[in-house]
Amino acid sequence: MNEGQHTGLLDLVLETHGGRERWSRARKIRAHLHLVGPTWTGLGQEKTFAGISLAVDVHRQRTVFTDFTGPGLRGVYTPKRVTIEDAHGVVLQERRTPRESFPPRARGMRWDALHALYFAGYGMWNYLTNPYLLTLPGVLTEELEPWHAEGHHWRRLHVTFPSYLATHSTQQTFYYDERGLQHRVDYAPYVLGNLPATHHTEAHQPVSGLVFPTHRYVLPVVDGKPASKPTIIVDFSDLAVEFAGEAQSFEGGQE
């Protein structure tokens with residue numbers, strides 16, 4: 001496994017998605033998000049992210065959703081704390097150590113708004129900072145044998161994430177085409193009961209020199225095979241990137 005010094009597949013992926021140097025100068029990524037699907041409906045949160053604006057800080061784990069659960073409110077995610085605040089920054093609801101608050105995965109389980117905020121907060125941060133995310137301290141990468149199926153020939157990167165990074169699961173496998181564009185991720189989200197899933201990425205678009213997949217969908221894995229219908233659908237639009245004048249160091253775990 002490689003850490004810090006990246007070669008081969010990861011180098012290709014970074015170059016294809018804009019280059020490590022340009023990613024290191026990115027400060028904030030903004031987007032309009034439409035996040036829906038049967039999973040969200042089943043959790044009682046079907047409208048929470050169905051058309052909402054967000055901003056992620058590239059160099060620390062922080063996501064802010066505007067008009068979260070109501071006009072003028074905002075939801076703020078960090079790994080150790082999530083809050084719902086009013087327009088003046090007054091905290092209306094708060095949860096510390098949110099990852100430990102999730103109820104066991106069971107039929108009929110419901111989430112509250114802070115559960116949804118944590119899941120979407122770290123999820124969108126992971127999605128929008130990738131592949132820069134894979135270069136952060138403590139992230140281990142290893143290229144696996146290529147994957148051949150369904151008419152695809154994709155290279156694969158196995159990734160082990162350190163505990164300070166909030167992700168779906170510690171072990172994940174990323175799939176890339178011959179150009180280095182990401183098309184799939186395999187993982188088993190902890191907060192959803194470690195149920196395995198395949199996460200597909202499409203509609204890659206360049207934005208200010210960086211490249212983002214703007215359409216995503218998740219298929220649950222049943223009896224070792226992906227299901228035919230997605231349970232989570234993610235669409236990004238109106239993407240914009242803010243850059244700093246100088247490269248910044250990653251500030252892991254800050255609130």
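Before reading on, note that the structure itself is shown above.
In this report, we go over the structure that sits alongside the text. (Residues numbered from 1 in each chain as written. Predicted model: local features only at pLDDT ≥ 70, side-chain atom pairs only at ≥ 80, totals over all residues. Heavy atoms only, no water.)

Examining the pairing of strand β14 (residues 232-243)
Note the threshold: By this definition, two strands are paired if DSSP reports at least two bridges between them. Secondary structure follows DSSP: runs of H or I at least 4 residues long count as helices, runs of E at least 2 residues long count as strands, and numbering of each begins at the N terminus.
The sheet contact formed by strand β1 (residues 26-36) and β14 spans 9 bridges and is antiparallel. Counted as the bridge partner of K28 is E242 from β14.

Quick look at the environment of R184
Formally: Contact between two residues is taken to exist if any of their heavy atoms lie within 4.5 Å; hydrogens are not considered. Here a polar contact means two N or O atoms within 3.5 Å. Within protein one must be a hydrogen donor candidate and the other an acceptor candidate, and residues neighboring in sequence count only if both atoms are side-chain atoms.
Counting through the fold element by element, R184 comes out in strand β10 (residues 182-187). With 53 residues separating them in the primary sequence, R184 and S237 have C-alpha atoms 20 Å apart. If we ignore the near neighbours within four places in the chain, the residues touching R184 are W147, W154, T173, F174, Y175, T198, H199, H200 and T201. Polar contacts involving the side chain of R184 include one to the side chain of D186, which spans 2.8 Å.

A look at the packing of aromatic side chains
Worth spelling out the cut-off: Note on aromatic pairs: the rings of Phe, Tyr and Trp (six-membered ring only in Trp) are paired at centre separations within 6.5 Å, and the planes decide the class, stacked below 30 degrees, edge-to-face beyond 60, tilted for the rest. The rule is short: NZ of Lys or CZ of Arg within 6 Å of the ring centre and within 35 degrees of the ring normal puts a charge over the ring.
Across all of its chains, the model carries 16 aromatic pairs by this definition. Ring-pair connections join several aromatic residues into one group, and the members of that group are W40, F49, F65, F68, Y77, F102, W111, Y118, F119 and Y122. In this arrangement the basic side chain of R184 is found over the ring face of W147, its NZ or CZ atom lying 5.0 Å from the centre.

What to know about helix α1 (residues 9-16)
Applied cut-off: Residue burial is assigned from relative accessible area. The probe radius is 1.4 Å, only protein chains are included, and a residue is buried under 20% of its type maximum, exposed over 50%, and partly exposed in between. Here, the arc refers to the directions that run from the helix axis to the C-beta atoms.
Among the residues making up α1, those that are buried are L9, L10, V13 and L14. All buried residues of α1 project into a common sector of 130° when viewed along the axis, lining one side. Those residues of α1 that are buried lie in contact with α2 (20-25), β7 (140-149), β8 (152-160) and β9 (171-176). Of the residues one or two after α1, G18 is the one with positive phi, at around 125°.

What about the pairing of strand β2 (residues 50-57)?
Across 7 bridges, the pairing between β1 and β2 is antiparallel. Residue K28 lies in a different strand from β2, and its bridge partner there is D57. Between β2 and the antiparallel strand that follows it, strand β3 (residues 62-66), lie 4 residues.

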